[in-house]
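# Notes for the structure review
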Amino acid sequence: MATLDLSKLLKVFGTDVRAVDEIDLHIEHGELISLLGPSGCGKTTTLRLIAGFLDPNSGEVIVDNKVVSDGNKILPPEKRNMSMIFQSYAIWPHKTVFQNVSYGLKFRNLTNHESEKRAKKMLSVVRMEHLADRYPGELSGGQQQRVALARAIVVEPAILLLDEPLSNLDANLREEMRFEIRRLHDEFHITSVYVTHDQSEAMVTSDRICVMNDGKIEQVGKPQEIYDEPKTRFVAEFVGVTNSLEGKVISSSVFDTGSMKLKMKENQIAVPGNQGFVSIRPHRIGISSVKTDKNSENMLTGRVKRSFYFGSTVDYLIEVEGMDDLLRVIVDPVNSFQLDSEVTLEIDAESVVFVE
Amino acid sequence: MSSDETSKKFDPSFLVWATVAVALLILIVNPVYYLVQESFLISEEEGGGWTLQNFIIAFTSEEHLIPIYWTLIVSILVGTLSLLVGAILAWCVSRTDIPCPGMIRNSVLISFVTPPFLGAIAWIFLAGPRMGWLNIIYRGIFGLGPDSYLFDIFTISGLVFSMTLFNFPLVFIVVLAGLNNISSDVEDAANIAGGGTFSTMLNITLPLALPALCAGFILALLEAMILFGIPNVLAIPAGIEVMTTQLRSFMVAEDDMLGIASAYSLPMLATAFFLVYIRRYILGRRGYATIGGKGGQRRPQVLGFWRIPVFMLCLLPIICSVVLPSFMLISTSFLNTIGYGLQISNLTFDNYRFIFSNDAFIISLKNTIILAILASTLCTLIAAVSAYITQRQLVKGHKYISFLATAPIGIPGIVLAIGLFSAYTKEPFLLYGTLWIMMLAYVTKYMPLAFQTSNAGLMNIHFELEESCRILGASRFRVFKDITIPLFKVSLIASWILVFMPCLRELSASIMLWTTDTKVISVVIMDFYEEALLGQISAIAVVLLSLTLIAVFSGFRFVGRDFMQAREKN
């Protein structure tokens, strides 16, 4: 186990592509943090900088207070006591499952007997012991992923790096493996960095999420913080679905969209007079067909323009007077509303979050 | 920081990449540089200095312009005919329900085993005006005198015919690969949109196959332009010179005509490079999304009544390029007198006795095998490292390395030999007269083949397979030993064998560079041909084909059935 620090880490590709733009990040002992962002945001580059496959232009990668990469020197990957799980699994096709898993133990000063015991135990942890003598070509995608996990964890690395490990699996298996990764983390408590572009994957697996965009960190926080208290419009829109309304801050708890004033959650970054957005999650908006007084606080009237039935929920797109975009509302299907019918929307001030 | 840490300022792998870059520069740039320089030089005997005289002599006399004319005519005819035969055959194999498409495909691939110049000699046994079997049969049927004949292979049409036989497989392979990548889905889509079978073929299949058709045509055209063997065997006796045979005449002339030869070869070099560039441009365009995509199933066109007749027609080019020539060479090698047929009294081992007691042949056999082993080993090594550097993008200039390694596709063997001759006949690099200069020629000539084989092999080894090994604690070297080499081995063997085979029968560069001690088999065959020792040539051909077949079968054994396909990927 170890702590990991990134300090002013910079990686430039070509002459001016700042793939990782002077980021700072602290990761605790035994913490699982995910780097979440769209493709090209720099998350995989960050991971490869941590692993030592890439050298930073400047800044430092620090493991347990020891600098392993800076602008001048880098410790080669094999000396870092890290493990990595790759997008392509990278299971060696010419070695059996057992040989794959036990390979890394060769470099760990163990007796043959010890390493065999550890590899076997690890295979049983990922429930692959009955396939130990198979070659990877004979395994399914999920089984290969388990081998990759076992191979990475068996060496008891200081830091485990995961590079979109589930992106090649089909939807059902992906869901299962998410929990598997979290289960293994709870069992071994290895400091882990998990790169993904899938927000639900990040939510389920991580202690904290670091949302990245354009080489920079947008926000770091617990999954619930990221979801409920996004700091930027990018985070609000990338993590989950949301309605973003543009306007001006009137006071620390009042926001003016131009056509209406909304009461919002108290917010330190909301400086009166600033331009910005508020984010309102679609399922935090109450909807009813009862007509109410138009002037009530955070109550709007609108007209149903479209609806989409998803089984467990229904999405409505509501036209609200004075608003350019349709407002999205997600409700339980027990409430149903006719197209073009007039509805009343009620938004709890706690759900109106100011973002930059 | 501890001593384990690598400074970014010095990377030891730099030495490897620098060595390979220098090797490629010496192999490819050096001969081309000397060739161009030589074309502007006055010969030493006449005092040296710069001149344009070489170009004036090379391109003003009628004697030198006629070969250019014939090269143009022959190349265009051979290119067009090869396109017709190769494309139709490929379509039948890929898109129709003719019987045994796999057999036809493999037989066409096998035709690479016969060197073109031996194929041409075999066709002399079939269609030579006097002793050709077809003419003997013709005279027999009509009871005609010994002077009458039906076919004469020693004519322009004979030349075009035999060159087409050995060029159409190039088109076939490229077009087949192209057609196999077009899934029936796109044709179904056209059918659903209301297009009939014919309209679909004209509007969908043909345009999608067009890049492959163009590439195949260009390849056949190029090959016809730079071929030396068949013209040397068939055109010279017919009194026709093409550019390649004219270049050879310059080089064996009494006077020093190296400068003129260099000047004369430059347009050929430029044309070859231009054709290769055009071909790359056509194949490299990304507009054809289905090609290389997740190809769906292909439904064959049902031929119905025509199934068997079309099959017979498909067999015809294979019979002419593989079956008949092999049969003629093998049977002739056991004949006492050519032209008397396969009778017991006419059978003999004398031809084999003759060649194995002939010093020149024994030396050439030894030289050929040494050269083929050395050249394929060196070629495979340089190509493998170059491909590795390119695929893993280890250095900034990796694109230049791949360009250099594939550039010899655009350097005709005979032109390369003139360049090597200019570069290595003077101090400080005196290599002329040694096997080394020929080895340089072979390594350069087959570098693209080896590079493409290695490249294709490496594409299947995802870089994460190596990174996953490093992060677990293995050094760069250990990763090579445990992961890269074991996974790359098969491609290396394939590349070695694919270079070894053509080295056994390389002619166009060898014929310019040999000396008495450095003769190779192909050169001895040409010597024997000038002395009209046709039975003995057939015996050598059988030895040569046996060696090649051993290589092919080792390839099948070590690499698997599809190893000849590596050629298709270039």
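Residue numbering note: each chain is counted from 1, following its sequence as written. Each chain takes a letter, starting from A, and each ligand takes a number, starting from 1, following the order in which they are written. With the structure being a predicted model, the display of local features is reserved for residues of pLDDT at least 70 and the display and counting of side-chain atom pairs for 80 or more, all residues being used for whole-chain, interface and lining totals.

### A look at the overall build of chain B
Applied cut-off: Labels follow the DSSP assignment, with helices taken as runs of H or I lasting at least four residues and strands as runs of E lasting at least two, numbered in each case from the N terminus. The globule rule is 2.2 Å times the number of residues to the power 0.38, and the radius of gyration it is compared with is taken over C-alpha atoms. The exposure scheme places C-beta atoms from the backbone and then counts, for each residue, the other C-beta atoms within 10 Å of its own, assigning buried at 20 or more, exposed at 12 or fewer, and partly exposed in between. Once C-beta atoms have been placed from the backbone, residue pairs whose C-beta atoms lie within 7 Å are recorded as contacts.
Counting secondary structure elements, chain B contains 23 helices and 1 strand. The globule rule puts the C-alpha radius of gyration for 570 residues at 25 Å, and the 25 Å found for chain B is close to it. Principal-axis analysis of the C-alpha atoms places the extent of chain B at approximately 95 × 75 × 50 Å. The buried share among the 570 residues of chain B stands at 48%. Within chain B, contacts between residues at least 6 apart in sequence are counted, and of these 79% link residues at least 24 apart.

### Some details on the overall build of chain A
When helices and strands are counted, chain A shows 8 helices and 21 strands. Taking the principal axes of the C-alpha coordinates as reference, chain A spans close to 80 × 45 × 35 Å. Within chain A, the proportion of its 356 residues that are buried is 40%. Relative to all contacts within chain A whose residues are 6 or more apart in sequence, the contacts with residues 24 or more apart total 64%.

### Observations concerning the interface of chain A and chain B
Just so we agree on the cut-off: Residue classes follow a fixed rule: Ala, Val, Leu, Ile, Met, Phe, Trp, Tyr, Cys and Pro count as nonpolar, while Asp, Glu, Lys and Arg count as charged, and any other residue, Gly among them, counts as polar.
Taken together, the contact pairs 23 residues of chain A with 20 residues of chain B. When residues of the side of chain A that touches chain B are traced back to their parent elements, those giving at least two are β6 (73-74) and β7 (82-85) of chain A. For the side of chain A that touches chain B, the element with the highest residue contribution is β7(A), accounting for 3 residues. Looking at the side of chain A that touches chain B residue by residue, the classes come out as 14 nonpolar, 5 polar and 4 charged.

### Structural notes on the sheet that holds strand β14 (residues 261-263) of chain A
Residues and elements named next belong to chain A. The condition that has to hold: Pairing between strands requires that DSSP locate at least two bridges from one strand to the other. Lines fitted to C-alpha atoms define the axes, with helix axes restricted to the stretch in contact, and inter-axis angles between N-to-C directions lie between 0 and 180 degrees.
Spatially, 5 strands are ordered β14-β13-β12-β15-β21 in an open sheet, and the strand pairing comes out antiparallel. Of all the strands in the sheet, just β14 and β21 (352-355) have a single pairing partner and so form its edges. Each strand axis lies, on average, 45° off the axis of its neighbour in the sheet, ignoring direction. Relative to β14, strand β13 (residues 254-256) is paired through 3 bridges, and the arrangement is antiparallel. Within the sheet, the bridge partner assigned to Phe255 lies in β14 and is Leu262.

### Overview of helix α19 (residues 463-471) of chain B
In terms of burial, α19(B) is a largely internal element, 7 of the 9 residues being buried. Listed as buried for α19(B) are Leu465(B), Glu466(B), Glu467(B), Ser468(B), Cys469(B), Arg470(B) and Ile471(B). Residues of α19(B) that are buried sit in contact with α1 (43-51) and β7 of chain A together with α20 (476-504) of chain B. Remark: Gly473(B) follows α19(B) within two positions and exhibits a positive phi of approximately 125°.

### Considerations on the nonpolar core
The test is simple: What makes a nonpolar core is a set of buried Ala, Val, Leu, Ile, Met, Phe, Trp, Tyr and Cys residues, with links drawn between C-beta atoms within 7 Å. An automatic or database domain assignment provides the domain bounds reported here.
Of all hydrophobic cores here, the largest spans 170 residues; its most connected members are Val171(B) and Val175(B). Each of domain 1 (32-288 + 300-347) and domain 2 (349-570) of chain B gives at least three residues to this core. Excluding its chain neighbours within four sequence positions, the residues that come into contact with Val171(B) are Ser82(B), Leu83(B), Gly86(B), Ala87(B), Gly216(B), Phe217(B), Leu219(B) and Ala220(B). In this structure, Ala19(A), Leu35(A), Tyr103(A) and Val195(A) belong to the second largest nonpolar core, which totals 97 residues.

### Things to note about the sheet that holds β7(A)
Residue and element names in this part refer to chain A. The 6 strands lie next to each other as β7-β8-β9-β3-β10-β11, forming an open sheet whose pairing is mixed. One side of each edge strand has no neighbouring strand; the edge strands of this open sheet are β7 and β11 (216-221). Averaged over all adjacent pairs, the angle separating strand axes in this sheet is 20°, with direction ignored. Pairing geometry for strand β3 (residues 32-36) and strand β10 (residues 208-213), over 4 bridges, is parallel. Within the sheet, the bridge partner assigned to Ile33 lies in β10 and is Arg208. Docked against the sheet, helix α4 (residues 141-153) engages β7 and β8 (159-163), running at close to 175° with respect to β7.

### Regarding the pairing of strand β15 (residues 275-280) of chain A
Residue and element names in this part refer to chain A. Counting buried residues in β15 gives 5 out of 6 residues, a clear majority hidden from the surface. Here 6 bridges tie strand β12 (residues 243-251) to β15, and the two strands are oriented antiparallel to one another. Bridge pairing links Glu246 to Phe277 in β15. In this structure, β15 lies alongside β21, joined through 4 bridges in antiparallel fashion. Bridge pairing links Ile280 to Val352 in β21.

### Considering unusual backbone geometry
Residues and elements named next belong to chain A. Positive phi, normally seen in glycine, also occurs at Lys8, with a value near 50°. Mapping Lys8 onto the fold places it in strand β1 (residues 4-13). By C-beta crowding, Lys8 is classed as partly exposed, having 14 other C-beta atoms within 10 Å. The phi dihedral of Asp64 falls on the positive side, at around 50°, and the residue is not glycine.

### Brief notes about the packing of helix α9 (residues 197-226) of chain B against helix α12 (residues 258-284) of chain B
Residue and element names in this part refer to chain B. What counts, and what does not: Every angle not falling under 35 degrees, over 145, or within 65 to 115 is termed oblique; those three ranges are roughly parallel, roughly antiparallel and roughly perpendicular. Rotating anticlockwise by less than a right angle from the far helix to the near helix defines a left-handed crossing, while the corresponding clockwise rotation defines a right-handed one.
Contact pair α9 / α12: the axes reach a minimum separation of 9 Å and the direction vectors enclose 165°. Put simply, α9 runs roughly antiparallel to α12. Considering the relative orientation of α9 and α12, their crossing is left-handed. Between α9 and α12, the contacting residues are Pro211, Cys214, Ala215, Ile218, Leu219, Leu221, Leu222, Met225 and Ile226 on the first element and Met268, Thr271, Ala272, Leu275, Ile278, Arg279, Ile282 and Leu283 on the second.

### Focus: the domain arrangement of chain A
When cut into domains, chain A gives domain 1 (4-228) and domain 2 (241-355). For domain 1 of chain A and domain 2 of chain A, the distance between their C-alpha centres works out to 40 Å.

### Regarding the domain arrangement of chain B
Residues and elements named next belong to chain B. For chain B, the assigned domains read domain 1 (32-288 + 300-347) and domain 2 (349-570). With centres defined by C-alpha atoms, the gap from domain 1 to domain 2 works out at 22 Å. With 9 residues, α12 is the largest single contributor of residues to the side of domain 1 that touches domain 2. Of the residues contributing to the side of domain 1 that touches domain 2, the split by class is 27 nonpolar, 9 polar and 2 charged.

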